[in-house]
Structures are given as C-alpha cells and as structure tokens.
Amino acid sequence: MQGLEVRGLSKHFGGLVVSENIDFDLPAGARKALIGPNGAGKSTFANLITGILRPSAGTIRFDGQDIGSLKEAQRVQMGIAKTFQITTLFPQLTVRENLRLPILERQGLGRRLFMRADSNRSVEAEVSALVDQFALGSLADRPVLDLAYGQQRLVEMALSLALKPKVLILDEPAAGVPSSETHLIIDAIERLPDDLAVLVIEHDMDLVFRIARSIVVLVQGRILTEGTPQEIATNAKVRELYLGGSHG
Amino acid sequence: MKLRSYSVAGVMLFAALAAFFLFPYNLAFLTRIFIMIILVLSLDLVLGYAGIATLGQAAMYGAGAYAAGLFAIHVWADPFAGLVVGAVAGAALAAVSGVVLMRTTGLTLIMLTIAVAQIGAEIANRMREITGGADGLRGIRPSKILGIWDFDFIGVTGYWYACAVAAFVFGLLSVIGRSPFGLSLRGVHESPERMEAIGVSVFQRRLIAYVMGGGIAGIAGALSAQITQLVSLETFSFTLSAEALIMLILGGTGRLYGAALGTVVFMTVHHLAAANDPFNWLFVIGGLVLTVVFALPSGLVALPTSLKRLSKGDRHARS
C-alpha cells in the first residue's frame, strides 16, 4: 500500500499505557484529522510515526516497508515530515534562510563549503515557490522572530513542506493563532499538494471540519471511532465526550 | 553584502599597514594580536556559528603549538609545513575529543572542554624529555619563508607572515560562513531539534565544525611556536581559553570581524593598562567587559546600530 499503514501499535511508559493497539491507515492524498481530549495520546501517536518515540509493540509500514526501527532523520529522508506543536524555527534567520536550509539538505548540498548558500538556482527556485505558495513575499527577507505568530505557523508549515514529504503530520497547526488569522492556516492547508497524505492533529473543531475528509477519535490511547465529518458530528459517544467533558 | 565584505577587508588591511608604520617598536605585540585573532576566529566558528559552548579552545592551540614546534626541531623547519602540522594536530585532538564532547551540551560540555585542555597541559608537563616540561619547548628555528624571507630580529617578517596567515584564515572562514555548511551551523545553533527534523545529524555537523575550529586553533598555535620560537605550558592554559572567549564576546559573535575587532580592542587595552598600572590593570579590563556586556550585548560590532537606535529614541536594542 502507498502511504502509512499502522497495525497494533502500542506504547507504554512503565505501567502507563498511552497508546493501545492502534490500527490506522493514511494513504496518499488522504486528509485525515486526529482528535481527542487532552491526554488522549495524540502527540504520542505522532511521535511514534515520526520516530521520536519507539513503540512498545506493533508495526508501522510506509509504502509497504517496515520503518519501525528507523531513526527520525531516516524517516524524514523517506518522506515523513511533521510540523511542531510549539513553533520550532530558526528565529534569527530570515524566512528565505529558514526555507533554504531544508532544501539544501534534501538536495545533498548541506555540507558544501565553497559555494554561497544562496547561489544554487534550483534551490532558490524552490524557496521562491514556497514563499509564493504561503504568501510570505513581503516578509521573505525579515528574520522570523519579527513575524506575527500566525505567519510563523505558516513558515513552520512551509519548512516541513520544503522536505517534499509524502506524509505530512500537522501537530496543532492553529494552536495559539488568533482566530482572525486562522483562515491563513486553513487556506494554506487547502493548497497543499493533492497527492500528499495529510494528518492534522487539532483541537479547533472548526478547522478540523473544514479540512478533514475523515476523522479519527482517540480516547485514552485507543481509537474510539473513525468516520466522515458528518458521522463524527452525529456520533453519540463523540458528542458525549466533547459536550459532557467540557461541562463536567 | 559584497561591497561590505570588501570594505571590511580593505579597512583591516589598511589597519595592518598603518599599525606597521605607526608602531615600529611594537611589532612583537602586534604580531601577537594576529595570532590571537586566528584563535578567536576559530572560537567564532565553534561558538559563534555552531553554538558549541567551550572554555577549552586552548587545547587545540596547545596541540598545534607543540606539534609544529617538535616538527620544526626534529623533521623539517619549513614554516608552512609547520602550519599544516599544527592544523592537523589541532584537528586530530578536536576529532578524538569531539566524538565524546559533541554528544553533550551546556555545563557538561564546558566542563569537558576545560578538562581536555588540562589533560593536554598535564601530558606536556609530564613528557619532559620530549616537550621540555615546565621549561617549555626550546630550539625552534623556522627556516626562511618560501626560501626568501628569514625571520629577523625586529620581527618584520614575523609581522607580515602572521598578517598573511590571519588574512587567509579570515577569508576562508568568510567563505565557509556564507556556504550551505555555514548556514547549517547557524541552524544547529538556533534550533537543533528542527535540524534533526530536517533530517540532519546535529552531532555530525557539530563535530565537523569542532574539528575545523580545532584545525584553525592549531594553526594559531603553530604560528605562535614559530614566531616566539618557544612553546610553554601556558599554551594549554585556561586563561588563554577564557581570554579568547572574552575577546569574542567583546567584539560580537557569529560575524568574524567581531572576533578581529574584539581581539584588537582587548589586547590593546590590556597592553596599555598593564604598562600604566601593572597591579590594577585587570580592573580596566573588567570595567570594559562589564560596560560592553550591559550596554552592547551583541558586542562592539553592534555599536553603530545601537547608537542609531538610541538617537531615534528606541530603547530596545536588538540582541
């Protein structure tokens, strides 16, 4: 199968079970969302897929290949990228320099000593394309720390996309973004390449229902249910979880 | 950008020429400044660019000095060959120690870098038959540079030789600083987590930077051995590492010319203050460092920008 295929994935921290027997598919072109209350194990699940954490049991296959034992950097090179929940950029570098870094590395130029970092045409073309795609043109030569938070989240996404991933995991892409800027994030996600498999981990239900074609609900490390936005919206257990949870 | 780097190079070359004619009786001191500039530049690559906190850059300086000195005495007295040997020795020590050190950060790393320099000093002290121990390594007589210029008593050859080597190192680091590798070091400095997420081995990048910095510090050590024709245990001293760090912070990190400026200012103030008041000169140095750290946290190179901001009434100098 093209894309991600997760079977029986479990993760224990000592006696604490944070992921329990998760089966999950993310084929090419998918737009899935992972939702669930705080502490449901959403970020743990993302970290298991990207290789930051090692699973206690289960398999993770990518394009048919078992990647469970590969390191984070190796999985990135295979095409699995993730944005950070807390913006993790290079604050003193300009937007262009931020984007240039992953592209240079992907093209294997990252250790070159005797060329200027901004002199490679194909790299610069990619940088400019990303700048345009995320509408960062007027800010491209400013240090990232000068940007508004919503704009930094866009750079965060652009940086992950610069790796030309096949699977992109967006870990709370709108967290901390003022609601007046949320549309920037949604627009950017809607413009992602069609063949890219996208998994969004998010609290903002508005965003989830706008983007996702399929929603997975995670509760206490287990998958409660999976379905289309309509199915999830009308699911009694999910309603109880969200409405009951917020009032109790 | 291009114009600016040419003008920086022009200003420095002019300063070297002017210093030569203005202070003909201080050539030994001026030569010492060039050697320190090279050491501080190596520190700027390691600390300013790659963000590797070290208080033991003297380890590689000492290794380069002893290696070049021994090479000149026992094998070949050619100065350039000596520089190469010094660079290799510095890089080799950085590689061997770096394999362990570059896996650590913060306080652990600082303590380990100090330890490596201390071990170097102790080895040089114990191996008296080879290194001369506490008496220092004597009898280094470098041959003519390119077979033409002999090292003279006044130090004219030494001055221009050191100036040329410093200019070469500065040029080399300027190129590397703008390269993809230089950019990746800044990336490692600013956000190692993100670099890993990009698919880069942060350990490997830090190790390469540390080895390069070690090679350049080794060149500085070799130069010192050839010009003073003596290598003492002081080359490994903690004071040297610490002073190099102060010079870098004084001038400003991550910009290379900050390293050069900081070295010139520190050593000149040190020289004048120590001559005027041999007992209390450290107060002057202390005051200078305090003033810069509080008023100009980005170092002396940020002075024009800070003044401009101050005159505009902007109290928030950017760090």
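Residues numbered from 1 in each chain as written. Chains lettered and ligands numbered in written order. Predicted model: local features only at pLDDT ≥ 70, side-chain atom pairs only at ≥ 80, totals over all residues. Heavy atoms only, no water.

Caption draft 1: Spotlight on the overall build of chain B. Each helix and strand counted, chain B has 14 helices and 0 strands in total. Ordered by position from the N terminus, the helices and strands of chain B form the series α-α-α-α-α-α-α-α-α-α-α-α-α-α. Here chain B, with 319 residues, has 51% of them falling under the buried criterion. Within chain B, contacts between residues separated by at least 24 positions form 76% of all contacts whose residues are at least 6 apart in sequence. Accessible area of chain B: about 14900 Å², with a carbon and sulfur share of 70%. Measuring between centres, the 20 positive side-chain charges of chain B sit 12 Å from its 14 negative side-chain charges. (Helix = DSSP H or I, 4+ residues; strand = E, 2+ residues; numbered from the N terminus. Buried < 20%, exposed > 50% of the residue type's maximum accessible area, 1.4 Å probe, protein only. Contact = heavy atoms within 4.5 Å. Areas by Shrake-Rupley, 256 points an atom, 1.4 Å probe, with all protein chains shown as cover. Lys, Arg positive; Asp, Glu negative; His and termini not counted. Charge placed at Lys NZ, Arg CZ, Asp CG, Glu CD.)

Caption draft 2: Region of the structure containing the overall build of chain A. Summing up its helical and strand segments, chain A has 9 helices and 10 strands in all. In summary, chain A has a C-alpha radius of gyration of 19 Å against a globular reference of 18 Å for 248 residues, a match within 12%. Principal axes of the C-alpha set define a box for chain A whose edges measure 60 × 40 × 30 Å. Per-residue burial over chain A gives 54% buried out of 248 residues. For chain A, restricting intrachain contacts to residue pairs at least 6 apart in sequence, the fraction spanning at least 24 positions comes to 66%. The positive charge centre, built from 27 side chains, and the negative charge centre, built from 29, are 5 Å apart in chain A. (Rg over C-alpha atoms; globule rule 2.2 N^0.38 Å.)

Caption draft 3: Structural detail: the pattern of salt bridges. Residue and element names in this part refer to chain A. With the rule as written, the count across this model stands at 14 salt bridges over all chains. The partner of R100 in a salt bridge is E124, and the shortest N-O contact between them spans 2.8 Å. With R100 in helix α3 (residues 95-106) and E124 in helix α4 (residues 121-133), this residue pair connects regions lying 24 residues apart in the sequence. For the pair formed by R100 and E124, the shared burial category is buried. With its nearest N and O atoms 4.0 Å apart, the salt bridge here joins R142 to D146. On the basis of relative accessibility, which here comes to 38%, the residue R142 falls in the partly exposed class. A relative accessible area of 33% means that D146 is categorised as partly exposed. Taken together, the salt bridges that share partners define one network made up of E5, R7 and D25. (Salt bridge = Lys/Arg side-chain N within 4 Å of Asp/Glu carboxyl O.)

Caption draft 4: Quick look at the interface of chain A and chain B. Tallying the contact residues gives 33 residues for chain A and 28 residues for chain B. Taken together, the two surfaces of chain A and chain B that pack against each other cover about 2600 Å², and 63% of this comes from carbon and sulfur. A per-residue breakdown of the area chain A buries against chain B is headed by A:F90, A:R111 and A:L113, which together make up 22% of the total. The interface formed by chain A and chain B holds 3 salt bridges in total. Its salt-bridge partner being B:R186, residue A:E97 comes within 3.6 Å of it at the nearest N-O pair. For the side of chain A that touches chain B, the secondary-structure elements that each account for two or more residues are α2 (72-78), α3 and α5 (149-161) of chain A. With 6 residues, the top contributor of residues to the side of chain A that touches chain B is α3(A). Across the side of chain A that touches chain B, the residue classes tally to 18 nonpolar, 5 polar and 10 charged. (Buried area = accessible area lost by both parts, 1.4 Å probe. Nonpolar A, V, L, I, M, F, W, Y, C, P; charged D, E, K, R; others polar.)

Caption draft 5: Quick peek at the packing of helix α3 (residues 58-74) of chain B against helix α10 (residues 202-228) of chain B. Residues and elements named next belong to chain B. Axis separation between α3 and α10 bottoms out at 6 Å; the angle between their running directions is 50 degrees. Relative to α10, the element α3 is oriented oblique. Crossing handedness for the pair α3 and α10: right-handed. Where α3 abuts α10, its residues M60, Y61, G64, A65, A68 and G69 lie against Y210, G214, A217, G218, A220, G221, A222, S224 and A225. Here the contact of α3 with α10 is composed, by residue class, of 9 nonpolar, 6 polar and no charged. (Axes fitted to C-alpha atoms, helices over the stretch in contact; angles between N-to-C directions. Parallel < 35°, antiparallel > 145°, perpendicular 65-115°, else oblique. Left-handed = near helix turned anticlockwise from the far one by under 90°.)

Caption draft 6: Spatial organisation of the UniProt feature "transmembrane region" (unreviewed entry) in chain B. As annotated by UniProt and renumbered to match this structure, "transmembrane region" (unreviewed entry) occupies residues 7-27, 33-52, 59-77, 83-102, 109-127, 158-176, 207-225 and 281-303 of chain B. In residues 158-176 of chain B, helix accounts for 100% and strand for 0%; the two terminal C-alpha atoms are 27 Å from one another. (UniProt positions renumbered as here; feature names shortened; annotations may be inferred.)

Caption draft 7: Examining the side chain of B:S179 more closely. Inspection of the secondary structure assignment puts B:S179 in the loop between α7 (156-178) and α8 (180-190). When its relative accessible area of 0% is taken as the criterion, B:S179 is described as buried. A polar side-chain atom of B:S179 sits 3.3 Å from the main-chain carbonyl oxygen of A:R112. Polar side-chain contacts of B:S179 include one of 2.6 Å to the backbone oxygen of B:I176. Non-local contacts of B:S179, meaning those with residues more than four positions away in its chain, are made with A:R112, A:L113, A:M115, A:R116 and A:A117. (Polar contact = N/O pair within 3.5 Å; in protein donor to acceptor, adjacent residues only side chain to side chain.)

Caption draft 8: Expanded view of the side chain of B:S184. Here B:S184 lies in helix α8. Polar contacts involving the side chain of B:S184 include one to the main-chain carbonyl oxygen of B:F181, which spans 2.8 Å. When neighbours within four sequence positions are excluded, B:S184 is seen to be in contact with A:L101, A:E105, A:G110, B:M195 and B:R205.

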